[in-house]
Amino acid sequence: MNAVDAVTVGPKRLKDLTKSLRLVQFTDPHLFGDETRALRGVPTLPALRATLAAAQPDIQSADAILVTGDLVQDDPAGYAHFRREFAALGRPVLCIPGNHDDLPAMQAALAAAPFQVGGVHDEGAWRIVLVDSTLPGQTHGQLDAARLAALEAALAGAEGRHALVCLHHHPVPLESRWLDQVGLANGPELMALLGRHANVRGVVFGHVHQARELEAGGLPLIATPSTCSQFLPRSDDFQVDTRPPAWRTLQLHPDGRIESELNWLQGFAR
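**Student:** Mind showing me how you'd approach the layout of surface pockets here?
**Tutor:** In this approach a probe as big as a water molecule rolls over the atoms, and the regions it shows empty are the leftover space. A volume near 150 Å³ is recorded for the largest pocket. Lining the largest pocket are Pro 97, Gly 98, Asn 99, Asp 101, Leu 103, Asp 132, Thr 134, Leu 135, Pro 136, Gly 137, Gln 138 and Arg 147. Here the lining of the largest pocket is built from residues that sort into four nonpolar, five polar and three charged.

What follows is the structure in structure tokens.
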């Protein structure tokens, strides 16, 4: 995670803390260099393009775009497609890596505006904390001591802002035996850390290719389906769901409330 910059205290900052923040979340596009390649029967780039087109009204009213990992499917050539599609949206694009990403290649491809990989994004009354939960060569995630310390510093240094914590891996069990084996290995440690910071208002993640809204430790935890194929919820063994691509809007209010709306891509044929 990048170092946390100091937040200037003054009249402008106090005014900013009265503003809400609107995000649109996309996750797990799993792009390939080959524009026609499919994942579990879904061509990933055409599915992403269709999702972005349907989400245009939400994108136009958003302050920023959030993308929570697995931008590519083990193919760094896919970053060129991601960069082209998301740069055209006209909004800041906040990104974190997933277990199928190549972080050095991702950082190189997304090194310029409007992209940000990791770190914090302060806007309005909110601090968005972008956490890298990946382990090289592993499907599950884990936060080592350095990442936990960086997260703690980001939360402690928010200077009166509410905090939304974003990562790829799910930090709590989701009643799915196979999927819970590839979540965040030290999820309880993360949740304990978040519980020490009263300004944390929620956690958003990807990875699970399904819609989930639950609560743990008094915090809302929100998962969003992929822009390509989905996993069947609450399944003991790996199963693909037939639901279409999706995106989510997040309205972050100045009083710390989070309003969320899930949108499924209508008319999508597998």
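**Student:** Just to check I follow, could you spell out helix α6 (residues 145–156) for this structure?
**Tutor:** Structurally, the α-helix is built with 3.6 residues per turn, so residues lying three or four positions apart point the same way. Between its first and last C-alpha, α6 extends 16 Å over twelve residues, near the 16 Å set by a 1.5 Å rise per residue. Leu 148, Ala 150, Leu 151, Ala 154 and Leu 155 are the residues of α6 that are buried. Along the axis of α6, the buried residues cluster in a sector spanning 160°; they form a single face. Turned more than 90 degrees away from the buried face of α6 sit Ala 145, Ala 146 and Ala 156, all of them exposed. Looking at the buried positions of α6, the neighbouring elements they touch are β7 (119–123), β8 (126–130), β9 (162–167), α8 (187–195) and β10 (200–205).

**Student:** Before we go on, may I ask you to explain the environment of Val 72 in this structure?
**Tutor:** The residue Val 72 is located in the loop between β4 (64–68) and α4 (78–87) in this model. The spacing of Val 72 and Asp 28 is 44 residues in sequence and 7.7 Å in space, taken between C-alpha atoms. When neighbours within four sequence positions are excluded, Val 72 is seen to be in contact with His 30, Leu 31, Gly 78, Tyr 79, His 100 and Asp 101.

**Student:** Looking at this model, I keep getting lost on the sheet that holds β10. Mind explaining?
**Tutor:** Strand pairing in a sheet relies on backbone hydrogen bonds, with the paired strands running either antiparallel or parallel. The sheet built from six strands is open, its strands ordered β7-β8-β9-β10-β12-β11 with mixed pairing. Either end of the sheet is taken by a strand with one partner, and the two such strands are β7 and β11 (212–216). Averaged over all pairs of adjacent strands, the angle between their axes in this sheet comes to 20°, without regard to strand direction.

**Student:** Where do I start with the packing of α6 against α8 in this structure?
**Tutor:** The packing of two helices is summarised by the inter-axis angle and the distance between the axes. For the pair α6 and α8, interaxial distance at closest approach is 10 Å and the crossing angle is 20°. Between α6 and α8, the angle falls in the class roughly parallel. Where α6 crosses over α8, the handedness of that crossing is right-handed. From α6, Leu 148, Leu 151, Glu 152 and Leu 155 reach across to α8, where they touch Glu 189, Leu 190, Leu 193 and Leu 194.

**Student:** What's the story with the sheet that holds strand β6 (residues 115–117) in this structure? I'm lost.
**Tutor:** Ordered by their spatial adjacency, six strands build an open sheet running β6-β5-β4-β1-β15-β16, and the pairing between neighbours is mixed. Bordering the open sheet on either side are β6 and β16 (258–264), each of which pairs with just one other strand. On average, each strand axis in the sheet is inclined to that of its neighbour by 20°, with strand direction left out of account. Sheet topology places strand β5 (residues 93–96) next to β6; three bridges connect them, and they run parallel. Its bridge partner lying in β6, Val 93 is registered against Phe 115.

Criteria and cut-off values
- Residues numbered from 1 in each chain as written.
- Predicted model: local features only at pLDDT ≥ 70, side-chain atom pairs only at ≥ 80, totals over all residues.
- Heavy atoms only, no water.
- 1 Å grid on protein atoms, 1.4 Å probe; cavity = no way out; pocket = protein on both sides within 12 Å on 5 of 7 lines; lining within 4 Å.
- Points joined across faces, edges and corners; volume = space filled by probe spheres on them.
- Nonpolar A, V, L, I, M, F, W, Y, C, P; charged D, E, K, R; others polar.
- Helix = DSSP H or I, 4+ residues; strand = E, 2+ residues; numbered from the N terminus.
- Expected span 1.5 Å × (residues − 1).
- Buried < 20%, exposed > 50% of the residue type's maximum accessible area, 1.4 Å probe, protein only.
- Arc of directions from axis to C-beta.
- Contact = heavy atoms within 4.5 Å.
- Pairing = 2+ DSSP bridges.
- Axes fitted to C-alpha atoms, helices over the stretch in contact; angles between N-to-C directions.
- Parallel < 35°, antiparallel > 145°, perpendicular 65-115°, else oblique.
- Left-handed = near helix turned anticlockwise from the far one by under 90°.

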